[in-house]
Protein chains: 2
Amino acid sequence: MKPAINFTPGPSQLFFTVEDHMRKAFRDGIPSLSHRSKTFESIYKETAEGLKELIGIPEHFTIVFTSSATEVWERIIENLVEDSSHHFVNGAFSKRFYEIAQQLNRNPQKTETKEGFAFSKPGALPATELIALTQNETSTGVSLPVSFINDFKLVQPEALVAVDAVSSLPYPEFDFTKIDTLFFSVQKGFGLPAGLGVWIVNHRCKEKAEALRTKGISIGSYHNLPGLLELAQKNQTPETPNVLGIYLLGKVIQDMLRRGITTIRRETDYKAAIFYQALEQHPVLKPFVTDRAIQSKTVIVADCGEYTSQLSDYLQSKGLFPGEGYGSFKKQHLRFANFPAHSKEQFELLVDSIEAFKP
Amino acid sequence: MKPAINFTPGPSQLFFTVEDHMRKAFRDGIPSLSHRSKTFESIYKETAEGLKELIGIPEHFTIVFTSSATEVWERIIENLVEDSSHHFVNGAFSKRFYEIAQQLNRNPQKTETKEGFAFSKPGALPATELIALTQNETSTGVSLPVSFINDFKLVQPEALVAVDAVSSLPYPEFDFTKIDTLFFSVQKGFGLPAGLGVWIVNHRCKEKAEALRTKGISIGSYHNLPGLLELAQKNQTPETPNVLGIYLLGKVIQDMLRRGITTIRRETDYKAAIFYQALEQHPVLKPFVTDRAIQSKTVIVADCGEYTSQLSDYLQSKGLFPGEGYGSFKKQHLRFANFPAHSKEQFELLVDSIEAFKP
């Protein structure tokens, strides 16, 4: 029996150093470390500074921790939207962000496009407080090009631009002059156990939250943004956080820095290229997203039609575990994460197996 | 160098089986397990059912997971309070619960008493939607007797009774006919790494949250109570949760069930008794809480006066790590957790050391 390789898009394959870091964490007492200790502060600092270095976040952005990216959706709406946000919806997760704004009694607007297809250019967007973009739609494998994201500051410089990069970071190279807030969760591209969200914000976000509070609007309690930011200055958190999660993230970021972000991005491109090619050349399989400009490099969705369960069983028999299609696509799609935890060799094995698949 | 024993009141000493469970978790792929898998559902079920058995929670209560007890404070106010809650405030943590209600733009009321002292009997409490009780005030070591909690249903049967048992469970024996919701976090009495809160609710909580939503009041988004409960029926969670945390909690609960809750409670009583006695008989130390009816069994606060730092250094030189005094008590208190993770032998060593302390 070969060791299983987990290609599910999150929780996914663990980054290969995680178990060692966990062992060291226990040796060093991290699981029972006080979050008000100097040691915790240095862990927070190392994690935040490492992340800034890894994905090129400018100094004037601040990194705070939540329990999930789902929580960040809620906190963004609570803290940054008084009346209305505008959501670009092209799948289940971008839709969920929109619905969260509804649940919080805002009046969100949306630009919707068919699953698997590109949005047209921003154009004449109605004025809004916040533009919500799901850079990588995990349900369908559609990725918004960074150039598409960057255009919003041209058409609506006053709006805050919020980017969900849950299942793509650390791969994309963002232009931080064009976005105001960015977030992800650690169980995807960072190959860690679930239970931690990372929220990156600039001073405009802080000012907006403070302005709402001044107006008497509730911006939440223990995780309101000004409170999170005030403690982040001291490398602290309002509540007892997932200390172990923050520690492990910091360690994996150090590993990624040693490997180099350029190498990680190049390998991601390589793995995506050979996999999309295998799908395109296969007699009965094809990529779900056919427009190459928006094909996600990090979550690749195969349209397997009537062969879905057969292919899934076949891959699993080889120890290769694909993710199921999302929602209504369950019976015709398989999803494959292409994260830094997935080695070139593992993708070559996956590609060989796909090529050898003859239904 | 003797191994360090962590008496801080949370994060605290790990339950002695946690590292083994973590190792097995990695062997079994738990850190990258999908939260939509059957395996996750069975983990959720085992954890919830084990907890019900351990602390005698009736079947009609439901257990849901949050990221912290701090989050539960927020969710309780959002879901169960339209206008006003009434808080019994006797220290930093009960005060924080009250302040969270303020931050969420409710109009909370409070009954306040001096730190270290008992509340008088409920008496003529103004009508309120929810009574917020901090059963064990971690900052001062004051514990509300269960009989005090039970009286609220007599004076105000319509109000929901919410009990924060963050730093006392699994020790107290609650009467679940007298409370509507109870919560804790895992890094205290359960001896686990931080990053998970446990929220136990009955049907009256669900009905209240639904009534608020029907009125058009926002009850939050991904963690609103009806949403949490709907998924809990399927042993699922709205977001990708701290899967590893839920798994470890379930395993430690099984260990506690094997040891038996009666044994755990008896040992807690024994350890508390010898420690309070040592404090009472010491020439320069004394318990901060002098009223025996409200002395916490699980967080014991020593009033060390001018000897605080000397005692702290002395204990640490023996590998015994006390918690600092909370807030303004930093220079005169030391706090000692008495959780199931702390063995009788460890407490006997602590008591011997206290007795031998001659400033």
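Fair warning: this is a prediction, and the values are worked out from it, not measured in the lab.

Conventions adopted
- Residues numbered from 1 in each chain as written.
- Chains lettered and ligands numbered in written order.
- Predicted model: local features only at pLDDT ≥ 70, side-chain atom pairs only at ≥ 80, totals over all residues.
- Pairing = 2+ DSSP bridges.
- Helix = DSSP H or I, 4+ residues; strand = E, 2+ residues; numbered from the N terminus.
- Axes fitted to C-alpha atoms, helices over the stretch in contact; angles between N-to-C directions.
- Contact = placed C-beta atoms within 7 Å.
- Nonpolar A, V, L, I, M, F, W, Y, C, P; charged D, E, K, R; others polar.
- Least-squares fit on C-alpha atoms with pLDDT ≥ 70 in both.
- Domains from an automatic or database assignment.
- Parallel < 35°, antiparallel > 145°, perpendicular 65-115°, else oblique.

Residue and element names in this part refer to chain B. The strand order across the open sheet formed by seven strands is β2-β10-β9-β8-β5-β3-β4, and the pairing between neighbours is mixed. A strand with exactly one partner marks an edge of an open sheet, and here the two such strands are β2 (62-66) and β4 (109-112). In this sheet, neighbouring strand axes are inclined to one another by 20° on average, regardless of whether the strands run parallel or antiparallel. Sheet topology places strand β3 (residues 85-89) next to strand β5 (residues 130-134); three bridges connect them, and they run parallel. When the sheet's bridge partners are listed, Ser85 is paired in β5 with Leu130. Across the sheet, helix α4 (residues 92-103) lies against β3, β4, β5 and β8 (160-164), angled at about 160° from β3, the strand it touches most.

Residues and elements named next belong to chain A. Spatial strand order, β11-β12-β15-β14: four strands in an open sheet with antiparallel pairing. At either margin of the open sheet sits one strand with a lone partner, and together these are β11 (286-287) and β14 (323-324). Here two bridges tie β11 to strand β12 (residues 299-303), and the two strands are oriented antiparallel to one another. Across the sheet, Lys286 pairs through a bridge with Asp303, a residue of β12.

Here we take up the interface of chain A and chain B. Across the boundary between the two partners, chain A contributes 40 residues, which contact 40 residues of chain B. Among the elements of the structure, α1 (18-27), α3 (69-80), α4 (92-103) and α9 (243-259) of chain A are those that each provide at least two residues to the side of chain A that touches chain B. With four residues, the single largest contributor to the side of chain A that touches chain B is α1 of chain A. Here the residues of the side of chain A that touches chain B are counted per class, giving 16 nonpolar, 21 polar and three charged.

Turning our eyes to something else, we now look at the relation of the copies chain A and chain B. Mapping chain A onto chain B is achieved by rotating through 180° and translating by 0.0 Å along the same axis, at an RMSD of 0.0 Å. The symmetry that links the two subunits is that of a two-fold axis. If distances are taken from each C-alpha of chain A to the rotation axis, the shortest is found for Ser67 of chain A, at 3.0 Å. Comparing interface residues between copies, 100% of those in chain A also lie at the interface in chain B; the contact surface is shared.

Along the polypeptide, Arg266 of chain A turns up in helix α10 (residues 261-281). Sequence separation between Arg266 of chain A and Phe40 of chain A is 226 residues, and the spatial gap between their C-alpha atoms is 34 Å.

Here we come to the domain arrangement of chain A. All names here are of chain A. By the assigned domains, chain A splits into domain 1 (5-13 + 260-356) and domain 2 (18-258). Using only C-alpha atoms to locate each centre, domain 1 and domain 2 end up separated by 26 Å. Listed as interface residues are 27 residues of domain 1 and, on the opposing side, 23 residues of domain 2. Among the elements of the structure, α10 and β12 are those that each provide at least two residues to the side of domain 1 that touches domain 2. In terms of residues, the side of domain 1 that touches domain 2 owes the most to one element, α10, which gives four residues. Classifying every residue of the side of domain 1 that touches domain 2 gives 15 nonpolar, eight polar and four charged.

Another point: the packing of helix α7 (residues 203-214) of chain B against helix α8 (residues 225-232) of chain B. For any two helices packed against each other, the geometry is given by the interaxial angle and the distance between the axes. Residues and elements named next belong to chain B. Two numbers describe how α7 lies on α8: the axes approach to 9 Å, and their chain directions differ by 130°. Here α7 lies oblique to α8, going by the angle between them. In contact with Cys205, Lys206, Ala209, Glu210 and Arg213 of α7, α8 contributes Leu225, Pro226 and Leu229. In terms of residue class, the contact of α7 with α8 is built from five nonpolar, no polar and three charged.

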